[in-house]
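This is what each chain is made of:
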Amino acid sequence: MSKKLAIIGSLVISGVLVSSFVFQNSYAFALDAKTGVSLPNQQDIVGRAHLNRLETILTQSKTPQKDVDNYLKGLNKDELLLAIAEVSDEIKDPENISDLQIFASATEEKLLGNLTNANFESIFTNPNYSNPFKEYAMDIKSTENYHNGSKNNTEYNQLLRNIFQDKTQPDNLRLVSLLQTDDYNAADVPTIEALISSQDSPALLKANAVRILKSIDKEKGMKHVLDILKNANLHSEPEVIVSLDTLGNYTKQVENITDSEDEIDLVNDVLNQTNNPHVVKAAVFSLAQFKNAKSIATVLQNRSKINDDYAIRFYIDRNFLVVADMLNSSDSSVLNTALTSVEIAPFKSFLPKITELEASTIDQALKARLDKIINLIDSSNIDRNIKWDAEYK
């Protein structure tokens, strides 16, 4: 694709498609009796008529963005599909369909609701169609569902299953089809577990399969989560990040979060094993789910590794009520952890308790520290977000 067309692709759109992150022979004109949509044939795709016209507009027009949009909206359904197929064929990175954003507005107007399951099957199984074109077709369907507040029907979901179960399919198509399947049930558990365990499955596919399995079968999902986190160095970054997120959410939903010491120790072990900044940040967000003093202490113990006080401040914001309760502790270690938290996140809502502590203590070193904290709070002019209080149990 030309550089100019790629640039205009990020500017022209007035509406953006909802995007995610078996072969048969020739399909010339797959005419559907209900909608009258004709799928592009290979000869016309190779002809590049619409692509050439778009290139001409970009090089000669004084208002290229407007004129490209008008040109696309002037096409009928068949012509628009052909134009999309032509541009798709020019995309060099098969996992990046951002250049196709130029078609978003016209697609919304002309194609949503006009492609049938037969059309989608013909697109997905035609070896002459590029992978970006197939992925864009999936996004057409997901956008249609989004606009209508609807879900896939059983037949379309089976088309998606056929793709993500097929190891010969490109990784990006398998991932998108996995994410867009929306009727998972107990019958899918063996297939999803096989994806997670397969050495051939790409990292992002395995990671999202973990999340899906947990939604189908919490117990089996957590078995895989724990296995990944206990052996984090043997698994990919996406698998570990998803497992950290799943661990925190699972614990919050089904266990007494104040008795989650083993899970917190597991997250701490992951922190000790990694220097990957993305995994470290995911560990912080995972710990934010636990809402107890041990979680607070674990975050602060790893402060140098986290190396991001803004991330820790966000964590403390979500755990404000935990820290506030810790400020009442007679245990000097717990109180010290709480005060360090306030120093990192000097929210105004901490001020009444800090002031009370300062007035009541006879420990001069503690009084001096509390005075500094009071000054820090007064000068910081920041406060917590009370929306997080609903998470606290």
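Since the model is a prediction, treat every value here as computed from it, not as a measurement.

Regarding its fold elements, the protein presents 23 helices and zero strands. A total accessible area of about 18,400 Å² is found for the protein, and carbon and sulfur atoms account for 48% of it.

Summed over the entire model, instances satisfying the criterion amount to 16 salt bridges. Notably, a salt bridge pairs Lys281 with Asp308, separated by 3.6 Å at the nearest N-O pair. Highlighted residues: Lys281 in helix 16 (residues 277-287) and Asp308 in the loop between helix 18 (303-306) and helix 19 (309-318), separated in sequence by 27 residues. Taking the relative accessible area as the measure of exposure, Lys281 reaches 39% and is therefore partly exposed. The partner of Glu358 in a salt bridge is Lys367, with the nearest N and O atoms 3.6 Å apart. In this structure Glu358 comes out as buried when scored by relative accessible area, which is 17%. Ionic contacts of the salt-bridge type, sharing partners, join the residues Arg48, Asp89 and Glu90 into one network.

On to the side chain of Glu358, then. Residue placement: Glu358 occurs in helix 22 (residues 351-360). Filtering out sequence-adjacent residues up to four positions away, Glu358 remains in contact with Lys367, Leu370, Asp371 and Ile374.

With a phi angle near 60 degrees, Arg48 is a residue other than glycine that sits in the positive phi range. For Arg48, the location among the structural elements is in the loop between helix 2 (42-47) and helix 3 (49-60). Classification of Arg48 as buried rests on a relative accessible area of 16%. A positive phi is found at Asn307, a non-glycine position, where the angle reads about 55 degrees.

Right, let's get into the confidence of the model for the protein. Confidence along the protein averages 88 in pLDDT terms, with 87% of residues attaining 70 or more. Ignoring residues within four places in sequence, the model shows residues 6-34, a span with pLDDT below 50, making 75 contacts including any to other chains. Here residues 253-259 is modelled with pLDDT under 50, and outside its nearest four sequence neighbours on either side it reaches 13 contacts, counting other chains as well.

Next up on the list: the packing of helix 12 (residues 203-216) against helix 13 (residues 218-230). Close contact between helix 12 and helix 13 brings their axes to 6 Å; oriented N to C, the two are set at 145 degrees. By crossing handedness, the relation of helix 12 to helix 13 is classed as left-handed. In this structure, helix 12 contributes Val210, Leu213, Lys214 and Ile216 to the contact, and helix 13 contributes Lys218, Lys220, Gly221, His224, Val225 and Ile228. Tallied by class, residues from the contact of helix 12 with helix 13 come to five nonpolar, two polar and three charged.

All told, the structure shown has nine aromatic pairs when counted by the stated rule. Look at Phe347 and Phe350: their rings are 6.0 Å apart centre to centre, the planes differ by 20 degrees, and that puts the pair in the stacked class. Phe350 shares its class with Phe347; the two are buried. Through a chain of ring-to-ring contacts, the aromatic side chains of Phe120, Phe124 and Tyr156 assemble into a single cluster. Above the plane of the ring of Tyr156 lies Lys141, whose end atom (NZ or CZ) is 5.5 Å from the centre. For Lys387, the ring lying beneath its charged end belongs to Trp388, and the centroid distance is 4.7 Å.

What follows is about the nonpolar core. Counting 62 residues, the largest nonpolar core has Ile192, Leu244, Ile316, Leu327, Phe350 and Ile354 as its most contacted members. Here this core spans two domains, since at least three of its residues come from each of domain 2 (210-307) and domain 3 (309-393). Residue contacts for Ile192: discarding those within four places in its chain leaves Phe164, Leu178, Tyr184, Ala209, Ile212, Leu213 and Ile216. Listed in part, the 42 residues of the second largest apolar core include Leu81, Ile84, Phe133 and Met138.

The residue Val280 is located in helix 16 in this model. Distance in space between the C-alpha atoms of Val280 and Val270 is 8.3 Å, their sequence separation being 10 residues. Contact partners of Val280, with chain neighbours within four places excluded, come to Leu271, Thr274, Lys305 and Ile306.

What follows is about helix 4 (residues 64-73). Looking at helix 4, one finds that the buried residues are Val68, Asp69, Tyr71 and Leu72. Each buried residue of helix 4 lies within a common arc of 160 degrees when the element is viewed along its axis, so the set occupies one face. Looking at the buried residues of helix 4, the elements they touch are helix 3, helix 5 (77-89) and helix 6 (104-110).

In terms of residue burial, helix 10 (residues 171-180) counts as a mostly covered element, since eight of its 10 residues are buried. On the buried face of helix 10, the contacting elements are helix 8 (131-148), helix 9 (154-164), helix 11 (189-197) and helix 12.

Each value, and the rule that gives it
Residues numbered from 1 in each chain as written. Predicted model: local features only at pLDDT ≥ 70, side-chain atom pairs only at ≥ 80, totals over all residues. Heavy atoms only, no water. Helix = DSSP H or I, 4+ residues; strand = E, 2+ residues; numbered from the N terminus. Areas by Shrake-Rupley, 256 points an atom, 1.4 Å probe, with all protein chains shown as cover. Salt bridge = Lys/Arg side-chain N within 4 Å of Asp/Glu carboxyl O. Buried < 20%, exposed > 50% of the residue type's maximum accessible area, 1.4 Å probe, protein only. Contact = heavy atoms within 4.5 Å. pLDDT = per-residue confidence, 0-100. Axes fitted to C-alpha atoms, helices over the stretch in contact; angles between N-to-C directions. Left-handed = near helix turned anticlockwise from the far one by under 90°. Nonpolar A, V, L, I, M, F, W, Y, C, P; charged D, E, K, R; others polar. Phe/Tyr/Trp six-rings, centres within 6.5 Å; stacked < 30°, edge-to-face > 60°. Lys NZ or Arg CZ within 6 Å of the ring centre and 35° of its normal. Core = buried A, V, L, I, M, F, W, Y, C linked by side-chain atoms within 4.5 Å. Domains from an automatic or database assignment. Arc of directions from axis to C-beta.

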